[in-house]
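Listed below, chain by chain, are the residues.
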Amino acid sequence: MGVIMIKCPRTGRAISTGMKSDRETFRCSTVFFSRSYCTSCRTNHEWFAGDAWVHDPEQELRKAS
């Protein structure tokens, strides 16, 4: 299980949306629109699922092994 991430359009930093999913489930989900608070620039960002990705450090460690 990983965290759904988006890119802050102001700072370019990856930020957590606070949502969790595994990569396959997220990839197969319907396109949706959401808003997330950005701690980098202290504002809400609107985003589509196509702009997001799942960050799963455990899965990345398994791939590296």
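Before reading further, recall that the structure is shown in the block above.
Residues numbered from 1 in each chain as written. Predicted model: local features only at pLDDT ≥ 70, side-chain atom pairs only at ≥ 80, totals over all residues. Heavy atoms only, no water.

**Student:** Looking at this structure, I do not really get the nonpolar core. What am I missing?
**Tutor:** For soluble globular proteins, the rule of thumb is that nonpolar side chains tend to be buried together. With eleven residues, the main nonpolar core is built from Ile4, Ile6, Cys8, Ile15, Phe26, Cys38, Cys41, Trp47, Ala49, Ala52 and Val54. Leave out the neighbours within four places in its chain, and Ile15 touches Ile4, Met5, Ile6, Cys8, Cys38, Ser40 and His45. (Core = buried A, V, L, I, M, F, W, Y, C linked by side-chain atoms within 4.5 Å. Buried < 20%, exposed > 50% of the residue type's maximum accessible area, 1.4 Å probe, protein only. Contact = heavy atoms within 4.5 Å.)

**Student:** When you look at the sheet that holds strand β2 (residues 14-21) in this model, what are you seeing that I'm missing?
**Tutor:** Sheet strands associate in pairs through backbone hydrogen bonding, adopting either a parallel or an antiparallel arrangement. Taken in spatial order, the three strands line up as β2-β1-β5 in an open sheet, and their pairing is antiparallel. Whereas interior strands pair on both sides, the edge strands pair on one side only; in this sheet they are β2 and β5 (53-55). In this sheet, adjacent strand axes meet at a mean angle of 45° when their direction is disregarded. Relative to β2, strand β1 (residues 2-7) runs antiparallel, the two being bridged by five bridges. Counted as the bridge partner of Met5 is Ser16 from β2. (Pairing = 2+ DSSP bridges. Helix = DSSP H or I, 4+ residues; strand = E, 2+ residues; numbered from the N terminus. Axes fitted to C-alpha atoms, helices over the stretch in contact; angles between N-to-C directions.)

**Student:** Sorry if this is basic, but what is going on with the pairing of β1 here?
**Tutor:** Put simply, side chains in a regular strand alternate between the two faces of the sheet. The antiparallel pairing of β1 with β2 creates a hairpin that spans six residues between the two strands, and Gly12 there sits at a positive phi of about 80°. In this sheet, β5 lies alongside β1 in antiparallel orientation, the contact comprising three bridges. Paired with Met5 across the bridge in β5 is Trp53.

**Student:** Mind showing me how you'd approach the environment of Phe32 here?
**Tutor:** Counting through the fold element by element, Phe32 comes out in the loop between α1 (23-28) and β3 (33-38). For Phe32, a relative accessible area of 25% corresponds to the partly exposed category. Residues Phe32 and Trp47, 15 residues apart in the sequence, show an inter-C-alpha distance of 8.5 Å. With residues up to four places along the chain from it excluded, the contact list for Phe32 reads Phe26, Trp47, Phe48 and Ala49.

**Student:** Looking at this model, I keep getting lost on the pattern of salt bridges. Mind explaining?
**Tutor:** Side chains that carry opposite charge are capable of pairing whenever their charged atoms lie near each other. All told, the structure shown has two salt bridges when counted by the stated rule. With a closest N to O distance of 2.6 Å, Arg27 and Glu24 form a salt bridge. Note that Arg27 and Glu24 are positioned in helix α1 at a spacing of three residues, about one turn of the helix. Under the relative-accessibility criterion, Glu24 is labelled partly exposed at 44%. (Salt bridge = Lys/Arg side-chain N within 4 Å of Asp/Glu carboxyl O.)

So, to be careful, I would describe these as geometric facts and stop short of saying anything about function.
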